[in-house]
Amino acid sequence: RGEYPHIATATVVGGAVGVALSVLLAWYWRPDAGAMLGGTLVGSVATVAILGIPPATTLLVRSGLDGEQRREILRMGFASAVTAPMFWVMSSVDRWFLGVWSGQGPLGVYAFASGIGLTGMMVNTALTLAWFPEMSREYEASREDALGGIGRLWARLAGLLMVTWLVVAAAGGDLIRLLADRRFHEGAPLVPWLAGGVFFYGMAGLANTGLFLRKNLAPSAAWWVAGAVANVAGNALLVGRLGPMGASLAACFGFFVIASGMTWSAQSRLYLPIPW
């Protein structure tokens, strides 16, 4: 419905409530993961409460969709059922390898640097939230005539992701030195590569445009599997030799595989005139 201010308000309030409660729980109850989990849970509930959810009675009403429309929705849902666990693998396997081969010290440095390097994910989330519904409306309204405008806007959003990568890479090391104990400062060189992974993750989201409009996300699922395999292989090859830097390089490379592969697949199915 285009109610982006409502969505933004819910997100900000939920985030503020979650952080505040985590701090209070850590201060007055127990300073461990329990405080973080409790704050995250309550913050998520606050976000949902502000957004609102459909009434339960909607589950008892027929959708009104025909058989083909239902199959299209199920096919797109199947792709998401593949990409979500692949994202979880890519977000976790680096820590598994570091914990086993490098120990808790380097793992802690990497985890803190990841928190800084992943700040660009906020831009990715905001773009995805608005891009797909608005772009879909534009395409459904004028079909092929809309592709030129979609391609130009696609390029501008890609430029925004590039600038975000540059900003996080430039400021990340200083933020670590400002916020963290000296033991974590060696994580500064990791930030540009971690932020690069976020950039390619955002580009993968944009690359999904053509596949989304063609209602065929099967190539997306396949490239996410390929990226996860590349990520695991990169960690297996590099973490033992390079430690946290190897994990950062593997993360960036895995998302690069997904972004480049999905861009190729999407352009071959629905060509967007992108001013490269």
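Analysis parameters
Residues numbered from 1 in each chain as written. Predicted model: local features only at pLDDT ≥ 70, side-chain atom pairs only at ≥ 80, totals over all residues. Heavy atoms only, no water. Axes fitted to C-alpha atoms, helices over the stretch in contact; angles between N-to-C directions. Helix = DSSP H or I, 4+ residues; strand = E, 2+ residues; numbered from the N terminus. Parallel < 35°, antiparallel > 145°, perpendicular 65-115°, else oblique. Left-handed = near helix turned anticlockwise from the far one by under 90°. Contact = heavy atoms within 4.5 Å. Nonpolar A, V, L, I, M, F, W, Y, C, P; charged D, E, K, R; others polar. Phe/Tyr/Trp six-rings, centres within 6.5 Å; stacked < 30°, edge-to-face > 60°. Buried < 20%, exposed > 50% of the residue type's maximum accessible area, 1.4 Å probe, protein only. Lys NZ or Arg CZ within 6 Å of the ring centre and 35° of its normal. Expected span 1.5 Å × (residues − 1). Polar contact = N/O pair within 3.5 Å; in protein donor to acceptor, adjacent residues only side chain to side chain.

Colleague: What exactly am I supposed to notice about the packing of helix 4 (residues 104–117) against helix 7 (residues 191–213) here?
Modeller: Working note: a packed helix pair is described by the angle between its axes plus the distance between those axes. Between helix 4 and helix 7, whose axes approach to 8 Å, the crossing angle comes to 50°. Accordingly, the angle class assigned to the pair helix 4 and helix 7 is oblique. Read as a crossing pair, helix 4 and helix 7 show a hand that is right-handed. From helix 4, Tyr110, Ala113, Ser114, Ile116 and Gly117 reach across to helix 7, where they touch Val191, Leu194, Ala195 and Val198. Residue classes in the contact of helix 4 with helix 7 are distributed as seven nonpolar, two polar and no charged.

Colleague: Explanation requested: the packing of aromatic side chains in the structure shown.
Modeller: Each pair of aromatic rings is reported with the distance of its centres and the angle of its planes. Inspection of the entire model under this criterion finds 15 aromatic pairs. Here the aromatic rings of Phe87 and Phe255 are separated by 6.5 Å at their centres, their planes lie at 55°, and the arrangement is tilted. Of this pair, Phe87 sits in helix 3 (residues 67–101) while Phe255 sits in helix 9 (residues 244–269), and the two are 168 residues apart along the sequence. Aromatic pair Trp165 and Phe199: ring centres 5.0 Å apart, planes at 20°, arrangement stacked. Remark: Phe199 occurs in helix 7 and Trp165 occurs in helix 6 (residues 147–179); sequence separation between them is 34 residues. Residue class for Trp165 comes out partly exposed when judged on its relative accessible area of 27%. Through pairs of rings, three or more aromatic residues link up here, namely Phe87, Tyr201, Trp224 and Phe255. Taking NZ or CZ as reference, Arg30 lies 4.8 Å from the ring centre of Trp29, over its face.

Colleague: Hey, could you run me through helix 2 (residues 33–51) in this one?
Modeller: Counting along an α-helix, one turn takes 3.6 residues, and residues three or four places apart therefore face a common direction. Spanning 19 residues, helix 2 covers 27 Å between terminal C-alpha atoms, matching the ideal 27 Å at 1.5 Å per step. In this structure, the buried side of helix 2 is in contact with helix 1 (4–28). Structurally, the start of helix 2 carries an N-cap: the backbone nitrogen of Gly34 is 2.9 Å from a side-chain oxygen of Asp32. Positive phi appears at Gly52, one or two residues downstream of helix 2, with a value of about 85°.

Fair warning: the whole summary comes from geometry, so function is off the table for now.
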